[in-house]
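Read off the chains here:
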Amino acid sequence: EHHSYDDFERDMGHGKSRLNELAPPNRPKVVFLGPSVSGKSTTFRHLQLRYQEKEFLGRYADCQSLIRRKFADMLAELAQLLVSHNIVAQNESAQLVLDSSLKFAAQASALSAIPPPELLDAANITVFLQDPPIATILQSKLNAPQFTSFEYFRQNYERILAPDYEVTNVDILNVYIETRGLSEYELVTPDSNCVIMSDVSGAKSERRKWPHVLSENVVNICFFLSLGDYDTMIDSTSYFQDALELLETVCTDALFASSRLFLVLTKIDVLDAKLHSGKPFGKMVPTYTANESVNDVVEWITSEFIRLRGERPRGEIIMLNPLQKNDIERFFDVVFRPAIPCANSAPTTCRKGLAEENARRREIAERRWIDPRVGPAGRGTQQESCKFLSNFCI
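Note that the structure is predicted; figures quoted are calculated from it, not measured. (Residues numbered from 1 in each chain as written. Predicted model: local features only at pLDDT ≥ 70, side-chain atom pairs only at ≥ 80, totals over all residues. Heavy atoms only, no water.)

Caption draft 1: View of the nonpolar core. Counting 35 residues, the largest nonpolar core has L78, L82, I125 and F128 as the members making the most contacts within it. The leading source of residues in this core is helix α4 (residues 64-84), at 11 residues. Not counting chain neighbours up to four residues away, the residues in contact with F128 comprise L75, L78, L82, A94, V97, L98 and I134. Within the second largest apolar cluster, 34 residues are counted, among which are V31, F240, L246 and V297. (Core = buried A, V, L, I, M, F, W, Y, C linked by side-chain atoms within 4.5 Å. Buried < 20%, exposed > 50% of the residue type's maximum accessible area, 1.4 Å probe, protein only. Helix = DSSP H or I, 4+ residues; strand = E, 2+ residues; numbered from the N terminus. Contact = heavy atoms within 4.5 Å.)

Here is the structure:
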């Protein structure tokens, strides 16, 4: 049972490792990297649901009030956006929701804060969302990370706010929970092998932790890239440009050299919708000069990935919808099954290889700690080091 909002966020797999303390050493690890809102945490949860359903459902069976709280948090974010655009509701009930959302926003940072009744009344929410000035903003301004789940809530709020509401698997997968720090989970495969999967926060302030995560037992790295967020700006920085620079660092740094690298492309449906609505990809990504079509964008990303990857171990490009069961199963087959030979039943030689690679990575990490001039290749110039630090040590 979840007794607080903090319990819910913790049990969503964030900020707490779910690992067997008696697990054998040198267990292989698959790491999820990438910028925020790229689909990492949804994939992380969906893999748990697909391959360890009983445990997953047991953790999330009693979280109705907490999902409603997440909806109220989103209304509070929306209210602040509306105020920043000087929006005043035309309808009295809509203004009541707006005012209540603003009051709740002032205390929403406290995990114990309880949403006021106005934010949990479906009739009031309907009036609020249909109010003309508010509806206009909803059509054009909700591409920020905090509104990732808003469209799902907008389509399902009447069911979620109903007295007899029962949580579904789809509800849990669609709730956006920002990864905080490192989440690790011991995934038991259908043939009873175990692989550790790690989800690392993509926020700039968290990237300094990446080298520590990647110094032990990493077999495969999945870099998640949201194509649908190419027009998103985060702190006056282009989301997509930041993602491409981060991908370049992952492709070229010595810490990542021996792991297979998979480029996971998400939100392709969002990319398609935005291109058809007249938002050119090339306008936000100046280095892109091809046609404004999904196929051409994916082909360009593919060529960039192949160029950056160079001679490193072979990986693949995966197009993934983290909410689709078939996509998750295919993702597991491509990414996790190759890691299984290094799991429990692996020969000693495989575990020895992991141990030797761990030692190599630790040596690079220790040299950087002692001498910051050591760059991405494990040795190098101050300029190389600065490029590395700009991505990982903010």
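Caption draft 2: Main features of the pairing of strand β1 (residues 29-33). Most of β1 is tucked away: five of the five residues are buried. Both faces of β1 are covered, namely the face carrying K29, V31 and L33 and the face carrying V30 and F32. With four bridges connecting them, β1 and strand β3 (residues 194-200) associate as parallel partners. Along β3, the bridge assignment pairs V30 with M197. (Pairing = 2+ DSSP bridges.)

Caption draft 3: Representation of the packing of aromatic side chains. One pass over the structure, following the stated rule, counts 16 aromatic pairs. Ring centres 6.5 Å apart and planes at 85 degrees place the aromatic pair F32 and F44 in the edge-to-face group. In this pair, F32 is assigned in strand β1 and F44 in helix α2 (residues 40-51), connecting sequence segments 12 residues apart. We classify F32 as buried; its relative accessible area is 0%. With centroids separated by 5.2 Å and ring planes inclined at 50 degrees, the aromatic side chains of Y230 and F281 adopt a geometry described as tilted. With a gap of 51 residues between them, Y230 in the loop between β4 (218-226) and β5 (233-234) and F281 in helix α13 (residues 281-284) connect regions that are remote in the sequence. Across the pair, F281 and Y230 agree in class, each one buried. In textbook terms, an aromatic cluster arises when at least three aromatic residues are bridged by ring pairs, as seen for F32, F44, Y51, Y185, F224, F331, F332 and F336. (Phe/Tyr/Trp six-rings, centres within 6.5 Å; stacked < 30°, edge-to-face > 60°.)

Caption draft 4: Representation of the sheet that holds strand β2 (residues 182-188). Taking strand neighbours across the sheet as the criterion, the six strands line up as β2-β3-β1-β4-β7-β8 in an open arrangement whose pairing is mixed. Both outer strands of the open sheet, β2 and β8 (317-319), are each paired with one neighbouring strand and no more. Taking each pair of neighbouring strands and ignoring which way they run, the sheet shows an average axis angle of 20 degrees. Pairing of β4 with strand β7 (residues 260-266) involves seven bridges; the strand directions are parallel. Across the sheet, the residue bridging to S226 is T266, located in β7. Each of β1, β2, β3 and β4 touches α2; the most contacted strand, β3, lies at about 155 degrees to it. The strands that helix α14 (residues 294-309) touches are β4, β7 and β8; relative to β7, the one it contacts most, it runs at about 160 degrees. (Axes fitted to C-alpha atoms, helices over the stretch in contact; angles between N-to-C directions.)

Caption draft 5: Up close: the confidence of the model for the protein chain. With 72% of its residues at a pLDDT of 70 or more, the protein chain has an overall mean of 76. Put simply, helix α17 (residues 382-392) is where the protein chain has its lowest mean pLDDT, 40, and β8 is where it has its highest, 93. Of the regions scoring below 50 in pLDDT, residues 1-24 engages in 61 contacts with residues more than four places distant in sequence or in other chains. Low pLDDT (under 50) marks residues 343-349, which in the prediction has 13 contacts with non-local residues, meaning those over four places away or in another chain. (pLDDT = per-residue confidence, 0-100.)

Caption draft 6: Here's a closer look at the environment of V297. Topologically, V297 is positioned in helix α14. Classification of V297 as buried rests on a relative accessible area of 0%. When the C-alpha positions of V297 and G282 are compared, they lie 9.3 Å apart, and in sequence the two are 15 residues distant. Apart from residues no more than four positions distant in its own chain, V297 is found in contact with L271, L275, F281 and Y288.

Caption draft 7: Seen up close, the packing of helix α6 (residues 122-130) against helix α8 (residues 150-160). Packing of α6 against α8 leaves a shortest axis separation of 9 Å and a crossing angle of 135 degrees. With respect to their mutual orientation, α6 and α8 come out oblique. The way α6 lies across α8 gives a crossing that is left-handed. Contacts from A122, I125, T126 and L129 of α6 reach α8 at F150, R154, Y157 and E158. In terms of residue class, the contact of α6 with α8 is built from five nonpolar, one polar and two charged. (Parallel < 35°, antiparallel > 145°, perpendicular 65-115°, else oblique. Left-handed = near helix turned anticlockwise from the far one by under 90°. Nonpolar A, V, L, I, M, F, W, Y, C, P; charged D, E, K, R; others polar.)

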